[in-house]
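So the chains spell out like this:
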Amino acid sequence: MSITVKNLDYTYPSGVAALNNVSLKINKGEHIAIMGANGAGKTTLIKHFNGLLKPTKGHVLVNDIDTITSSVAEMAKIVGFVFQNPDHQLFLTTVEEEIKFGPTNFNFPEEQIQRDMEKVVTFLNLKNLLKRSPFSLSEGERKRVALASVLVMNPEILILDEPTMGQDAIQKRNIAKMIEELNQQGRTIALVTHDIEFVAEYQPRVVAMTEGRVIADGMAKDVLTNLEVLTKTKLRPPQITALAWEIANQKQSFPKDVITISEMKTKLLALER
Amino acid sequence: MDNIVQIRDLEFSYGTSRQPAIREIDLDIKKGEYIVIAGLSGCGKSTFCRCLNGLIPHFYRAGVMKGSVTVDGLDTREHPLYEITQKVGMVFQDPESQLMALTVERDIAFGPENLGLPREEIRIRVEEALELVKIAHLRERAPHELSGGEQQRVAIASVLALQPKILVLDEPTANLDPAGAVDVLNIIENLQVQKKITVIIVEHRLELALQSATRLLIMHDGTLVFDDKPERLIEKDITPAEVYGVQMPSLIQLFTQLMDEGHSFSQIPFNIPLAAAIILSELGSARSTSE
């Protein structure tokens, strides 16, 4: 399953032009992070991946299906979308009903639904909350319920808007582990995030956006260490990169494109000799 | 008096649960400290904040509070909320929940107006609050049109207009993008340094917050499991913060790993320039002395 974005423009009904000639190809099995300041068009872009928004100009193809001609329901089986604000997708009285809603609606067999649900609730540490109302849960917990209700559909492409926001360190690590695992199973993952330390650690392909345009697209190591891109997208470099720059200021031979702790350690120990 | 906050044997259970949300908390906070609170979601951080500004016990009346909280000489059980809020200002995660007026200026004036202060005094306080958080240029704007970071600064200004001595912030940057988070944390640091306001902040972005912290509290299961200078975190006799779900900034992880390999440093840096200086002056010499 791949996503192809061709010369995409999107203008909101209010007249705000949110995307300007965006072209992008996400291959099957890729893991990409879309980064940029608030208002750069990140969320508008990913809402095109499941047909929630239709292009003003240009095309978005999910595999070979043009999202202009397909319904959101049709796309929902292929593309799972997890919103930034979980309250935008939770509406039932218990966590269990919430998770079963999608597959039940598509008439999946009962045993399969049960099996898939158990898998995702174990995965996301929600077992003890199944009988609770989503609205009695903390924001972090509601976010995981929203994620579970999408994962249970086994989508081949998973779109996540700010998955780590409001999560503590342990949940963050769980989410990262889950994303890695889903990706290893061959699923395509596209996420929007501000969390540069998270991206530095897991190193997906990074697409940087500003003012409705893609201004950089490449390996995390290259994009996150590019000062011009970081400045335009109002991102701060990862702590490790900032340290590398500071050291390079005084020791010119020191590499400036370091983003992970382990790489930094290797470079520092080399420096020492 | 030295301690601006005094907490003795504090315990609180919400009416819906017999299990206390927080328990066995004893704490003294000195004037002008910058305290960062970390811990897993659900560990009691927000409940603890509510105890500091009197929401507990005055608002959460179904719950049971034991022990005592004294802020700037006021026992929170014995004084009404409007008195406590002039001592302790509280800022929440979602600024929209705190803003309600049609312009920034009106929002900031709301608190002092409710205290029945004279017009001229209100004007002075609003101007000062606008200056302190650097939003004078936004005074005529509607809060709901502003960015998240700007809204959070308005929320802080509204609280400052009551001239509190203590500022309690419960995840004030959780909904902000990195630029907004840095802005807000810079403003808060400035308040602590320039106005000597005591800051108590629940914050997940330790890589930013620990740069200003004089003290770190880690909460776990409703109680304090670490209460010390942030530098102490990586010492051998201390339980690693990861055990309590608190992720150390990557800078600190790097230094910890280097120390695990036998290097030693004169201090543990929480900001980049200091870290670079320490690495350049100490990393090589450690080896030359050991050889």
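Computed from a predicted structure; not experimentally measured.

Draft legend 1. The overall build of chain B, seen in detail. For chain B, the helix and strand inventory stands at 10 helices and 10 strands. Taking 19 Å as the expected radius of gyration for a compact globule of 291 residues, we find that chain B reaches 21 Å, a close match to that expectation. Dimensions of chain B, computed from the C-alpha atoms along their principal axes, are close to 70 × 50 × 35 Å. Here chain B holds 291 residues, and 47% of them are scored as buried.

Draft legend 2. The arrangement of the sheet that holds strand 6 (residues 79–82) of chain A in detail. All names here are of chain A. Pairing is mixed in the open sheet, where 6 strands are placed in the order 6-7-8-3-9-10. The sheet terminates laterally at strand 6 and strand 10 (213–219), the two strands that pair on one side only. Each strand axis lies, on average, 15° off the axis of its neighbour in the sheet, ignoring direction. Inspection of the sheet shows strand 3 (residues 31–36) paired to strand 8 (residues 188–192) by 4 bridges, in the parallel sense. Pairing of Ile34 across the sheet is with Val192, part of strand 8.

Draft legend 3. Local environment of the environment of Glu78(B). As for its placement among the helices and strands, Glu78(B) is situated in the loop between strand 5 (74–75) and helix 3 (81–84). Considering only alpha carbons, one finds Glu78(B) and Tyr60(B), 18 residues apart in sequence, at a separation of 15 Å.

Draft legend 4. Local environment of unusual backbone geometry. Residues and elements named next belong to chain B. Residues Ile56 and Pro57 are joined by a peptide bond in cis, for which omega reads 10°. Mapped onto the secondary structure, Pro57 falls in helix 2 (residues 55–58). Even without being glycine, Glu24 reaches a positive phi, approximately 50°. According to the C-beta neighbour criterion, Glu24 is partly exposed, with 13 such atoms within 10 Å. Within the chain, Asp72 stands out as a residue other than glycine whose phi angle is a positive 45°. Inspection of the secondary structure assignment puts Asp72 in the loop between strand 4 (64–71) and strand 5. Classification of Asp72 as partly exposed rests on a count of 18 C-beta atoms within 10 Å.

Draft legend 5. Summary view of the interface of chain B and chain A. On the chain A side, the residues contacting the 30 residues of chain B number 28 residues. Only helix 7 (178–195), helix 9 (250–260) and helix 10 (272–290) of chain B provide two or more residues apiece to the side of chain B that touches chain A. Within the side of chain B that touches chain A, the residues separate by chemical class into 17 nonpolar, 10 polar and 3 charged.

Draft legend 6. The arrangement of the domain arrangement of chain A in detail. Once the domains are mapped, chain A shows domain 1 (1–78 + 155–236), domain 2 (91–152) and domain 3 (238–273). The centre of domain 2 of chain A, based on its C-alpha atoms, is set 44 Å off from the matching centre of domain 3 of chain A.

Draft legend 7. The domain arrangement of chain B, seen in detail. Domain assignment breaks chain B into domain 1 (3–247) and domain 2 (249–291). Summarising the inter-unit geometry, the C-alpha centres of domain 1 of chain B and domain 2 of chain B are found 33 Å apart.

Draft legend 8. Quick peek at helix 10 (residues 239–250) of chain A. The terminal C-alpha atoms of helix 10 of chain A lie 17 Å apart, and with 12 residues this matches the ideal 16 Å at 1.5 Å per residue to within 8%. Listed in full, the buried residues belonging to helix 10 of chain A are Gln239(A), Ile240(A), Thr241(A), Ala242(A), Leu243(A), Ala244(A), Glu246(A) and Ile247(A).

Draft legend 9. Region of the structure containing helix 7 of chain B. Residues and elements named next belong to chain B. In a regular helix each residue adds 1.5 Å, so 18 residues correspond to 26 Å; helix 7 covers 25 Å between its end C-alpha atoms and thus fits that length. Buried within helix 7 are the following residues: Pro178, Gly180, Ala181, Asp183, Val184, Leu185, Ile187, Ile188, Leu191 and Gln192. Once helix 7 finishes, Lys196 follows within two positions and takes phi at roughly 55°, a positive value.

Draft legend 10. Local environment of the nonpolar core. Ile34(A), Ala148(A), Ile159(A), Leu243(A), Leu52(B) and Ala157(B) are the most contacted members of the largest nonpolar core, which totals 169 residues. Ignoring sequence-local partners within four residues, the contact set of Leu52(B) consists of Val5(B), Val69(B), Val71(B), Val88(B), Val168(B) and Ile200(B).

Draft legend 11. Representation of the confidence of the model for chain B in the model. Residues and elements named next belong to chain B. Mean pLDDT for chain B: 90, with 97% of residues reaching 70 or above. Of all secondary-structure elements in chain B, the lowest mean pLDDT belongs to helix 10, at 76, while strand 8 (residues 198–202) reaches the highest, 97. Of the regions scoring below 50 in pLDDT, residues 286–291 engages in 3 contacts with residues more than four places distant in sequence or in other chains. Among the prediction metrics, the complex's ipTM stands at 0.81, with pTM recorded as 0.84.

Draft legend 12. Spatial organisation of the sheet that holds strand 4 of chain B. Residue and element names in this part refer to chain B. Read across the sheet, 4 strands follow the order 2-1-4-5 without closing on themselves; strand pairing throughout is antiparallel. The sheet is open, and its two edges are formed by strand 2 (22–30) and strand 5, each paired on a single side. Summarising the sheet, strand 4 and strand 5 pair through 2 bridges and their orientation is antiparallel. What sits directly across from Thr70, in strand 5, is Asp75. Relative to strand 1 (residues 3–13), helix 1 (residues 45–52) is tilted by about 125°, and along the sheet it contacts strand 1, strand 2 and strand 4.

Draft legend 13. The environment of Leu124(A), seen in detail. With respect to the secondary-structure elements, Leu124(A) resides in the loop between helix 4 (110–123) and helix 5 (139–151). C-alpha separation for the pair Leu124(A) and Ala73(A), spaced 51 residues apart in sequence, amounts to 25 Å.

Draft legend 14. The arrangement of the pairing of strand 4 (residues 57–62) of chain A in detail. Residue and element names in this part refer to chain A. Across 5 bridges, the pairing between strand 1 (residues 3–11) and strand 4 is antiparallel. Opposite Val5, over in strand 4, you have Val60 as the bridge partner. In this sheet, strand 5 (residues 65–66) lies alongside strand 4 in antiparallel orientation, the contact comprising 2 bridges. What sits directly across from Val62, in strand 5, is Ile65. From the end of strand 4 to the start of strand 5, which pair antiparallel, there are 2 residues, and Asn63 there has a positive phi angle of about 55°.

What counts and how
- Residues numbered from 1 in each chain as written.
- Chains lettered and ligands numbered in written order.
- Predicted model: local features only at pLDDT ≥ 70, side-chain atom pairs only at ≥ 80, totals over all residues.
- Helix = DSSP H or I, 4+ residues; strand = E, 2+ residues; numbered from the N terminus.
- Rg over C-alpha atoms; globule rule 2.2 N^0.38 Å.
- Buried ≥ 20, exposed ≤ 12 C-beta atoms within 10 Å, placed from the backbone.
- Pairing = 2+ DSSP bridges.
- Axes fitted to C-alpha atoms, helices over the stretch in contact; angles between N-to-C directions.
- Contact = placed C-beta atoms within 7 Å.
- Nonpolar A, V, L, I, M, F, W, Y, C, P; charged D, E, K, R; others polar.
- Domains from an automatic or database assignment.
- Expected span 1.5 Å × (residues − 1).
- Core = buried A, V, L, I, M, F, W, Y, C linked by C-beta atoms within 7 Å.
- pLDDT = per-residue confidence, 0-100.

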